[in-house]
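Chain residues, written in single-letter form:
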Amino acid sequence: MNLYSYILRRLLYVVPVLLGVCLIIFVIFNVVAPDPAFILLGKHATHEQIAQLHHELGMDRPFWEQYLSIVRSAFTFDFGYSWSSKQQIWEMIKAGAGPSLSITIPLFIIVNIVSISTALLVSFYRGKMLDKTVLILSIAMMSIPSLAYILFGQWYFAYTLGWFEISGYEAGFPNFIPYTILPVLLYIAISWGPDTRFYRSVILDEVYQDYVRTARAKGVGELSIMFKHVLKNAMIPILTYVIIQIPFLILGLLLAEAFFSIPGLGGITIKAINTSDFPVIKAMTILSAVGFIIFGVITDVLYTVVDPRMRLK
């Protein structure tokens, strides 16, 4: 099977998976979740007001019609209007995507480069003082909650030292840069520990393989072994780990956007949860599901590029 046929077949698999995701979303929000009318109208609402709101929101329609509405929005990206702000949800997503990506893209690039480089370095010096120091430091940094990083960073680096903006956001390049530096740096510190430990484990799994011993026996240098052989064979789990992060980049960072007042998709999601704005929550859930499915296909295709042992079956 050639590459194009494989991609087409995997994209066709997306349809039943997305239908299943829509069914789960429908059950959670339309069957299991509490009636949002009580939240939107308050506890003193009359039966007539609740019935009127159910009609306006389409909640009095048969279940199969409500399910088909979710399916239609998943395939057309027409998510309708927000219950709380009355804005078109797709316009809200487009407005929030820029601020979210201004944080997540530099974070994604820098943290992966730093973590993979650190993992290669400590794997090269495995068992030595440098390796042990990085291991202890990464465990210590993983043990600190993300919220503690954010609160300390805002208080010390922004408020006390005045090096960065505490919160806020200005649209347009380069106006947004001063507002994104501190959250990016803090999330690099948050992500560095677990990412470095993961990449180190993956690389060390390859370091002890027979082909590495064979390469050493043939007189190949350690640097050449690490970069030409070990890193190349460790690329499959690294690719999986890296690409699976991309849907999160699109959806933004919930905590960072909330605490730094960045008007991104994470902030929109938190606001929707607080106000029981189900159409917005459904839209974000569908987008994240579509992102995972699409980037799962991309990951499978890239496997065949980085590892010739893989075959498209």
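From a predicted model like this one, the values you see are computed outputs, not experimental measurements. (Residues numbered from 1 in each chain as written. Predicted model: local features only at pLDDT ≥ 70, side-chain atom pairs only at ≥ 80, totals over all residues. Heavy atoms only, no water.)

Trainee: What is the right way to look at the packing of helix H5 (residues 89–124) against helix H6 (residues 129–142) in this model?
Mentor: To characterise two packed helices, one gives the angle between the axes of the helices and the distance between these axes. One way to put it is that H5 packs onto H6 with a least axis distance of 8 Å and a crossing angle of 140°. Judged by the angle between their axes, H5 and H6 are oblique. Note on packing geometry: the crossing formed by H5 with H6 is left-handed. Each of Thr118, Leu121 and Val122 in H5 lies in contact with H6, whose residues at this interface are Leu130, Asp131 and Val134. Residue composition of the contact of H5 with H6, by class: four nonpolar, one polar and one charged. (Axes fitted to C-alpha atoms, helices over the stretch in contact; angles between N-to-C directions. Helix = DSSP H or I, 4+ residues; strand = E, 2+ residues; numbered from the N terminus. Parallel < 35°, antiparallel > 145°, perpendicular 65-115°, else oblique. Left-handed = near helix turned anticlockwise from the far one by under 90°. Contact = heavy atoms within 4.5 Å. Nonpolar A, V, L, I, M, F, W, Y, C, P; charged D, E, K, R; others polar.)

Trainee: Where do I start with the side chain of Gln66 in this structure?
Mentor: Mapped onto the elements, Gln66 comes out in helix H4 (residues 63–76). With residues up to four places along the chain from it excluded, the contact list for Gln66 reads Phe26, Asn30, Gly58, Met59 and Arg61.

Trainee: I'm lost on the environment of Leu151 in this one. Help?
Mentor: For Leu151, the location among the structural elements is in helix H7 (residues 146–160). What makes Leu151 partly exposed here is its relative accessible area of 42%. Separated by 108 residues in the primary sequence, Leu151 and Phe259 have C-alpha atoms spaced 8.4 Å apart. (Buried < 20%, exposed > 50% of the residue type's maximum accessible area, 1.4 Å probe, protein only.)

Trainee: Could you clarify how one ought to interpret a nonpolar patch on the surface in this entry?
Mentor: On the surface, Phe152, Trp155, Tyr156, Tyr159, Leu161, Trp163 and Ile166 cluster together to form a nonpolar patch covering roughly 780 Å² of accessible area. Looking at the secondary structure, you find Tyr156 in helix H7. By relative accessible area, which is 30% here, Tyr156 ends up partly exposed. (Patch = residues over 30% accessible without salt bridge, like charges linked within 9 Å, V, L, I, M, F, W, Y side chains within 5 Å. Areas by Shrake-Rupley, 256 points an atom, 1.4 Å probe, with all protein chains shown as cover. Salt bridge = Lys/Arg side-chain N within 4 Å of Asp/Glu carboxyl O.)

Trainee: I tried to follow the packing of aromatic side chains on my own but got confused; where do I start?
Mentor: How two aromatic rings sit relative to each other is set out by the distance from centre to centre and by the angle between their planes. Across all of its chains, the model carries 18 aromatic pairs by this definition. Ring centres of Phe26 and Phe63 lie 5.6 Å apart, and the angle between their planes is 80°; this geometry places the pair in the edge-to-face category. On the criterion of sequence distance, the pair formed by Phe26 in helix H1 (residues 3–32) and Phe63 in helix H4 is long-range, its members being 37 residues apart. Taken together, a centroid distance of 5.6 Å and an interplanar angle of 65° make the contact between Phe198 and Tyr199 edge-to-face. Owing to a relative accessible area of 28%, Phe198 belongs among the partly exposed residues under this scheme. Sitting above the plane of the Tyr208 ring, Arg126 keeps its charged end 5.8 Å from the centroid. (Phe/Tyr/Trp six-rings, centres within 6.5 Å; stacked < 30°, edge-to-face > 60°. Lys NZ or Arg CZ within 6 Å of the ring centre and 35° of its normal.)

Trainee: Mind showing me how you'd approach the domain arrangement of the protein here?
Mentor: Reports often express the size of an interface as the amount of accessible area lost when the parts come together. We note that the domain assignment places domain 1 (3–76) and domain 2 (89–306) within the protein. Between domain 1 and domain 2, the residue contacts involve 20 residues of the former and 14 residues of the latter. At the boundary of domain 1 with domain 2, total buried surface from both sides reaches about 1,500 Å², with 82% on carbon and sulfur atoms. Considering only the surface of domain 1 that becomes buried against domain 2, Arg10, Ile25 and Phe29 emerge as the three largest contributors, covering 33% of it. Counting the contacts that link domain 1 with domain 2 gives zero salt bridges. For the pair domain 1 and domain 2, the interface holds zero residue pairs in polar contact (both at pLDDT 80 or more). (Domains from an automatic or database assignment. Buried area = accessible area lost by both parts, 1.4 Å probe. Polar contact = N/O pair within 3.5 Å; in protein donor to acceptor, adjacent residues only side chain to side chain.)

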